[in-house]
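Working through the structure, step by step
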Amino acid sequence: MRLMLVGPRVVAVAAAGVLLAGCGGSAAEGEGGPGPKPSGSAEQGGPVAGGGKTGATGKPDPQRSTLPGALPSAYDFTPDPARIPKNAAQARKLTRRAALGENDWAAGMVRHTPYESGGSRPVLPESCVWTRSALPSGILDTFTRRLDIPAGDGKGRVQGAVTVTVHRTEAGAEREIEDTVQESFRCPRQELGGGQRLSGLMSLRFDQKDVRNADASLFEAGKYTGPESDGVQDYVWSKSRIGPVTTAVSVKGAKGYRSSDLLRIAAEGGAKVLYRVELELK
């Protein structure tokens, strides 16, 4: 992978990123109901018992592992050109169908207030204070849903968010990935509004050979504080691209949660939303 990090937390952040990049649908199964299957699932011509491959050819694929439930050794999903949104109306259908709802991510999650937002995009200016602006011509739609794990059993409230964005072109979606990696270097401390702050942000982008469930992926980690955070908490965030569509999953920690807990939550949400995007584009 191409590490875009400096400082003493490089190893920890890199290891966390490996977990997210390598997480497919099988890691998302559990209490939240049936999880998404990786792009190597049987419906998409994936491996079956005995090492074969279902689909039109019925021939084994040398790039796929023959181990049951294993991820493919390379990402090979190609969107159907007829399914790629060409206008804002088509893009809105995709973003809303792909974004996770309260029954889709993990058991027990509830709607945050506000729950949904769309029609504008977040922008990080030189001030490092996040703001929102109208969608540029290169973006057809972007849509966010926010879901929380309620406080209980001595633990605080974890805040999660999933965003799906449809660009007019694959090149535009790739620029979003590239720009995002640079934002943590330009603004290692960021203001989210409402007294919420991120600090110590570090990012990495993976080499494509290390990504198993998207065309491109990156990972970011840091610290979060806010009015109800009960002190400084861990923060994790991932972004991925399939064709002209990007997905982002963020998780703000809370009292009683370790960074590994947040990584599991983020990996589960990330795998599920990527699978939903595949379904919309296949």
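Let us now look at the nonpolar core. By size, the foremost hydrophobic cluster in this structure holds 40 residues, and its most contacted members are W105, I242 and V251. For this core, the element with the highest residue contribution is helix 4 (residues 259-281), accounting for eight residues. With residues near it in sequence (within four places) discarded, V251 still touches W105, V158, Q159, G160, D234, Y235, V236, L262, I265 and A266.

Turning next to helix 4. The terminal C-alpha atoms of helix 4, which comprises 23 residues, lie 33 Å apart, in line with the 33 Å expected from a rise of 1.5 Å per residue. Most of helix 4 sits out of view: 18 of its 23 residues are buried.

A word on the pattern of salt bridges. Using the criterion set out here, one finds 17 salt bridges in the structure. For R157, the salt bridge is made with D148, and the minimal N-O distance between the two is 2.7 Å. Judged by its relative accessible area of 35%, R157 is partly exposed. When its relative accessible area of 0% is taken as the criterion, D148 is described as buried.

Turning our eyes to something else, we now look at the state of the cysteines. Should the sulfur atoms of two cysteines be covalently bonded, the bond is a disulfide. By the definition in use, this model includes one disulfide. The side chain of C128 participates in a disulfide bridge whose partner is C187; the two sulfur atoms lie 2.0 Å from each other. The disulfide joining C128 to C187 has a torsion of about -75° about its S-S bond and is therefore left-handed. One end of the pair, C128, is in the loop between strand 2 (120-123) and strand 3 (131-134); the other, C187, is in the loop between helix 3 (170-186) and strand 6 (190-193), and 59 residues separate them in sequence. Overall, the relative accessible area of 14% leaves C128 in the buried class.

This part covers the packing of aromatic side chains. A full pass over the atoms with the stated rule returns one aromatic pair. Aromatic pair Y75 and F77: ring centres 6.4 Å apart, planes at 55°, arrangement tilted. Here the guanidinium or amino end of R96 rests over the ring plane of F143, the centre of that ring lying 4.2 Å away. Seen from the ring of Y257, K155 lies directly overhead, with NZ or CZ sitting 4.8 Å from the centre.

Its location among the elements puts H167 in strand 5 (residues 158-167). Only 3.5 Å separates the side chain of H167 from the backbone oxygen of G172, close enough to count as a polar contact. Other than its neighbours up to four places away in sequence, H167 contacts G138, I139, L140, G172, A173, E176, P244 and T246.

With that settled, consider the confidence of the model for the chain. Averaged over every residue, the pLDDT of the chain is 81; residues scoring 70 or more account for 74%. Predicted confidence for residues 1-12 stays below pLDDT 50, and this span has 33 contacts to residues more than four positions away or in other chains. The model gives residues 24-69 a pLDDT under 50, and that stretch makes 78 contacts with residues more than four places away or in other chains.

On to the packing of helix 2 (residues 88-98) against helix 4. Where helix 2 meets helix 4, the closest approach of the two axes is 9 Å, and the angle between their N-to-C directions is 145°. Our pair here, helix 2 against helix 4, has a crossing hand that is right-handed. Between helix 2 and helix 4, the residues in contact are L94, R97 and A98 and V273, R276, V277, E280 and L281, respectively.

Reading the values: the criteria
Residues numbered from 1 in each chain as written. Predicted model: local features only at pLDDT ≥ 70, side-chain atom pairs only at ≥ 80, totals over all residues. Heavy atoms only, no water. Core = buried A, V, L, I, M, F, W, Y, C linked by side-chain atoms within 4.5 Å. Buried < 20%, exposed > 50% of the residue type's maximum accessible area, 1.4 Å probe, protein only. Helix = DSSP H or I, 4+ residues; strand = E, 2+ residues; numbered from the N terminus. Contact = heavy atoms within 4.5 Å. Expected span 1.5 Å × (residues − 1). Salt bridge = Lys/Arg side-chain N within 4 Å of Asp/Glu carboxyl O. Disulfide = S-S within 2.5 Å. Phe/Tyr/Trp six-rings, centres within 6.5 Å; stacked < 30°, edge-to-face > 60°. Lys NZ or Arg CZ within 6 Å of the ring centre and 35° of its normal. Polar contact = N/O pair within 3.5 Å; in protein donor to acceptor, adjacent residues only side chain to side chain. pLDDT = per-residue confidence, 0-100. Axes fitted to C-alpha atoms, helices over the stretch in contact; angles between N-to-C directions. Left-handed = near helix turned anticlockwise from the far one by under 90°.

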